[in-house]
Number of protein chains: 2
Amino acid sequence: MGPADGLAPPANSLAAAVLAGDRLSLARLLTQVENDTSLGRIALDQLFPYAGRAHLVGVTGSPGVGKSSLVNRIAQALRRPERGQLRTVGIVAIDPTSPFTGGALLGDRVRMRDLAGDPGVFIRSMASRGALGGLARQTFGMVQVLDAAGFEVILVETVGAGQAEVDIARLAHTTVVIEAPGMGDEIQAIKAGILEIADILVINKADRPGVESTERSLREMLEMGYPPRHPKKQFALEGQAAAWLPPVLKTIATAKTGVEDVVQAILAHRIYLEQTGEWQQRQLERLESEMEILVQVTLRERWRAALPDGVYDETLARLCERKISPYGALERLLGDR
Amino acid sequence: MGPADGLAPPANSLAAAVLAGDRLSLARLLTQVENDTSLGRIALDQLFPYAGRAHLVGVTGSPGVGKSSLVNRIAQALRRPERGQLRTVGIVAIDPTSPFTGGALLGDRVRMRDLAGDPGVFIRSMASRGALGGLARQTFGMVQVLDAAGFEVILVETVGAGQAEVDIARLAHTTVVIEAPGMGDEIQAIKAGILEIADILVINKADRPGVESTERSLREMLEMGYPPRHPKKQFALEGQAAAWLPPVLKTIATAKTGVEDVVQAILAHRIYLEQTGEWQQRQLERLESEMEILVQVTLRERWRAALPDGVYDETLARLCERKISPYGALERLLGDR
C-alpha cells in the first residue's frame, strides 16, 4: 500500500499511526484537520500520496428528509456479511449546528447507536463553520485522511440547497440527492438546480402520502432534459458507453426498505465512472477545487498579516460613516492609494 | 435626499436615473450588478452614499415551506392602503435554479402575477452562482441599489440551510426563518443552527397535520437557551431594554392567514434594533462582511492575472498525479519556491 515514489511518513508520526490503522490517532488527526493546525497540515501532506482510491459519495437533501437514517442504512448495507465484497465505510456528517449546542456530538451519538462496534465503520460529525471556504477546506481534509486510512467508501452527508450542494458535487464521485414526499407544491424549478448535481435520486419516507406526485415531478424534470455534468465527454463516448441516467429510487430508511437498491446504484455508478473515464475527470475537478480554496484562504491570511495596524479598523469606520464606498475601502485595504 | 457631503452622480448616468426613480434604469443597473460589470461597479460607488436607510429583511427556509408565497403576502400587506404608513418594497429572490432551466424568470413571472401593477414594489430574481463569495457579493450590490433607489423594506428570499442562511443573517437587519409542519422527526439539533440566526420564526402551512408538534419543538429549542447574536451588547443593556425573544408565528400564506402578525413582528423588530443600538451594530457587520468578500475576490483575481502562463495547469497536473500535495501546489502557485 502507498505510492511507488512516496516517502513513508516518519515512524511515530500521527500520519504513520493512521496508516497503521490506529483509530485513536485517526480521531485525533481529524480534530487537528478540523482546527486547521500545523500538525494537521503536515499530516495531510504526508498522507496525500496514500489517498485517491476511496469512492466518495455525497448525500444531500433538505432538513427533514431523513438523510442521517439513510446514510446509516447505506453504511450497514455495505457492511453486511452476505455481501460478496465487504467494504469499509467512513462517514463525514456536516452538521449545521453550532458548537454552542453540541449538536454535532449528539448526531454522532445517535449514529453510533446504529453502527457501534463495527471496526470497519468510522463516523465523524463536523459543525459547519461560517468562514468563507473554511467548511469546504475542512471537509476536503477530513475526506483525504479517511481515504488515506483505507476507507473504501466515504459518505459525506450535508444539509441544504445551493452552495453546499454544489460543493458536495465538486467533492464527490457520486452525489445522492434525497427528497421526501409532500414538497410537490413548490415551484418545480427549485428542483432543477438539484437535478443537475444528482447522480442518484432517492425519495425517502416513501410510505407517506404524496410519494407518487413527488416521483412523477422528478421523472418529468429528468425527461425535460437532464443536463449532463460533462456533456462533451459524454458526446465523445457516444456508442461506447450509455450516458448515466440518474435512477429515481424509493426508500423507507427507518424500515430498511429500498436501501439495497440505493447501494447497488452507488456501486453501479462507480463502474460507470471508471468505464467512461469520468472517474479521472471528477478526481481532477475535485483537486482543482481544493487547490483553489487553499489559494484563496492563504491569500486572505497573508494580506491580513501584512496590513499595517489600524488600517482595517479605520477603513471600516469610514465605510460605516459612508465617507468611502466599498470599492473605495477595497482600494485602501489593498494599498492602491 | 442624499448625504450632506456626497457628490450627486453625473447627470445622464445610470445612477442618476435610478435616483430619479426610473424603473427601467433600475432594472438595467441590477443586471449590470449581477454580471459584475465595470459600469455596475461605478454606479454602485456613486449610489453608496444614498444607501443605508432601508430595512433589510432576510427570509429563509427549506424548499417546500412556501417562502415565495409568504414573501408575496408580506409585500402585499406592507402595501395595503389601510396601513397608516405605506412602505415601498423591494424583493430580491435568490433562486438556486441554474440559468439552464430559466427558473429565475419563471419565479419572477409567478410573483408578478400577485404584485403586478404596483409601482411601490420592485421584484428581482437572481440565479445563484457557484463562485465562492460571488453570490454574496451580487446580493450585497443588488440590495444596495434598491436601498439607494429608496425602497424602504427590502425582502431577500433564499433557499437553504447552512452557509446561505448565515450569509443572509450577515446581510439582514431582521431574519425570518420559515418552517413547515411535518419535519418534527428530524434530530432537533438541525434546527439549533437556524434558531441562532432567526429573529422571527414562522410555521407556514399551519393548516397541515403536525403543526402542534413543530411549534412545540421550536418553543422547546428557544427555551433551552436561545443564544443571542450579540450577548455582550444585550448584557450591557440589561435593565434598559428587554432582549428580543423571537416570536413563533403561524401562517397559511395561500389563504393570507397570519400574515399581518408577521408584518407587525418585522416592524417591531426594527424598533427594537433602533432602541437598543443593534441597528448600527448590524450595519457595521454587514459592511464588514461586504468589504471582506470584495477583498477576497479581488485578491484571487489579481493573483490569477499575475500567474505566469502554464504554471496553473502544470501544478494541477502534478497534483493529480499525486507527485505534489495540495500544500505543495499552494507553495508553487504562490511563488514560495
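Refer to the preceding data block for the structure.
A few points on the structure. (Residues numbered from 1 in each chain as written. Chains lettered and ligands numbered in written order. Predicted model: local features only at pLDDT ≥ 70, side-chain atom pairs only at ≥ 80, totals over all residues. Heavy atoms only, no water.)

Focus on the overall build of chain A
Within chain A one finds 14 helices and 7 strands. Among the 337 residues that make up chain A, the fraction classed as buried is 57%. Within chain A, contacts between residues separated by at least 24 positions form 75% of all contacts whose residues are at least 6 apart in sequence. About 13900 Å² of surface is accessible on chain A, with carbon and sulfur atoms providing 54% of the total. (Helix = DSSP H or I, 4+ residues; strand = E, 2+ residues; numbered from the N terminus. Buried < 20%, exposed > 50% of the residue type's maximum accessible area, 1.4 Å probe, protein only. Contact = heavy atoms within 4.5 Å. Areas by Shrake-Rupley, 256 points an atom, 1.4 Å probe, with all protein chains shown as cover.)

With respect to the pairing of strand β1 (residues 55-61) of chain B
The buried fraction of β1 of chain B is high, at 7 of 7 residues. Every second residue of β1 of chain B is oriented toward a common face, with His55, Val57, Val59 and Gly61 of chain B on one face and Leu56, Gly58 and Thr60 of chain B on the other, all of them buried.

Remarks on the nonpolar core
The tendency in soluble globular proteins is for nonpolar side chains to be buried as a group. If you look at the biggest cluster of nonpolar residues, it comprises 99 residues, and the most contacted ones within it are Leu26 and Val145 of chain A together with Leu26 and Val145 of chain B. Contact partners of Leu26 of chain A, with chain neighbours within four places excluded, come to Val18, Phe122, Val145, Leu146, Ala149 and Phe151 of chain A. (Core = buried A, V, L, I, M, F, W, Y, C linked by side-chain atoms within 4.5 Å.)

What to know about unusual backbone geometry
All names here are of chain B. Despite not being glycine, Asp36 shows a phi value in the positive range, around 55°. Positionally, Asp36 belongs in the loop between α2 (23-34) and α3 (38-47). Residue classification places Asp36 among the partly exposed positions, given a relative accessible area of 27%. Not every positive phi belongs to a glycine, and Arg322 is a case in point at roughly 60°.

Remarks on the pattern of salt bridges
Applying the stated rule across the entire model yields 24 salt bridges over all chains. Its salt-bridge partner being Glu34 of chain B, residue Arg124 of chain B comes within 3.5 Å of it at the nearest N-O pair. On the criterion of sequence distance, the pair formed by Arg124 of chain B in strand β3 (residues 121-127) and Glu34 of chain B in helix α2 is long-range, its members being 90 residues apart. Its relative accessible area of 10% is what places Glu34 of chain B among the buried residues. Among the ionic contacts, a cluster of salt bridges with common partners joins Asp199, Glu278 and Arg282 of chain A. (Salt bridge = Lys/Arg side-chain N within 4 Å of Asp/Glu carboxyl O.)

A word on the environment of Ile94 of chain B
All names here are of chain B. Tracing the chain through its elements places Ile94 in strand β2 (residues 89-95). On the basis of relative accessible area, Ile94 is assigned to the buried category, the value being 9%. Ile94 sits 23 residues away from Gly117 along the chain, and the two C-alpha atoms are 22 Å apart.

Comments concerning the pairing of strand β5 (residues 174-179) of chain A
Residue and element names in this part refer to chain A. For β5, a buried count of 6 out of 6 residues is recorded, marking the element as mostly surrounded by other parts of the structure. Bridge count between strand β1 (residues 55-61) and β5: 5 bridges; the pairing is parallel. From the neighbouring strand, Val57 faces β5, where its bridge partner is Thr174. Of the pairings in the sheet, the one linking β5 to strand β6 (residues 200-203) comprises 4 bridges and is parallel in character. Bridge assignment links Ile178 to a residue of β6, and that residue is Val202. (Pairing = 2+ DSSP bridges.)

Observations regarding the side chain of Ser25 of chain A
All names here are of chain A. Looking at the secondary structure, you find Ser25 in helix α2 (residues 23-34). Assessed through its relative accessible area of 7%, Ser25 is described here as buried. With near-sequence residues (within four places) excluded, Ser25 lies in contact with Leu14, Ala17 and Val18.

Observations regarding helix α13 (residues 311-320) of chain A
All of the buried residues in α13 of chain A are Tyr312, Thr315, Leu316 and Leu319 of chain A. Around the axis of α13 of chain A, the buried residues are gathered within 100° of arc, so they sit on the same side. Lining the buried residues of α13 of chain A we find α12 (278-306) and α14 (326-333) of chain A together with α12 (278-306) of chain B. Downstream of α13 of chain A by one or two residues, Arg322 of chain A has phi in the positive range, about 60°. (Arc of directions from axis to C-beta.)

Quick look at the packing of aromatic side chains
Residues and elements named next belong to chain A. One pass over the full model with this rule turns up 6 aromatic pairs over all chains. Judged by centre distance (6.3 Å) and plane angle (45°), the ring pair of Phe122 and Phe151 falls under tilted. Separated by 29 residues along the polypeptide, Phe122 in strand β3 (residues 121-127) and Phe151 in the loop between α6 (134-148) and β4 (153-159) bring together distant segments of the chain. Like Phe151, Phe122 is buried. We note Arg304 situated over the ring of Tyr312; from NZ or CZ to the ring centre the distance is 4.1 Å. (Phe/Tyr/Trp six-rings, centres within 6.5 Å; stacked < 30°, edge-to-face > 60°. Lys NZ or Arg CZ within 6 Å of the ring centre and 35° of its normal.)

Re the packing of helix α11 (residues 259-276) of chain A against α12 of chain A
Residues and elements named next belong to chain A. Remark: α11 packs on α12, axes separated minimally by 5 Å, with the N-to-C direction vectors making an angle of 95°. It follows that α11 is roughly perpendicular to α12 by the angle criterion. Contacts between α11 and α12 involve His269, Arg270, Tyr272, Leu273, Glu274 and Thr276 from the former and Glu278, Trp279 and Arg282 from the latter. Residue classes in the contact of α11 with α12 are distributed as 3 nonpolar, 2 polar and 4 charged. (Axes fitted to C-alpha atoms, helices over the stretch in contact; angles between N-to-C directions. Parallel < 35°, antiparallel > 145°, perpendicular 65-115°, else oblique. Nonpolar A, V, L, I, M, F, W, Y, C, P; charged D, E, K, R; others polar.)

What to know about the environment of Met291 of chain B
Secondary-structure assignment places Met291 of chain B in helix α12. Exposure remark for Met291 of chain B: the relative accessible area of 1% places this residue in the buried category. Met291 of chain B sits 26 residues away from Ala265 of chain B along the chain, and the two C-alpha atoms are 30 Å apart. Leaving out residues up to four positions away in the same chain, Met291 of chain B has contacts with Tyr312, Thr315, Leu316, Leu319, Ala329 and Leu333 of chain A.

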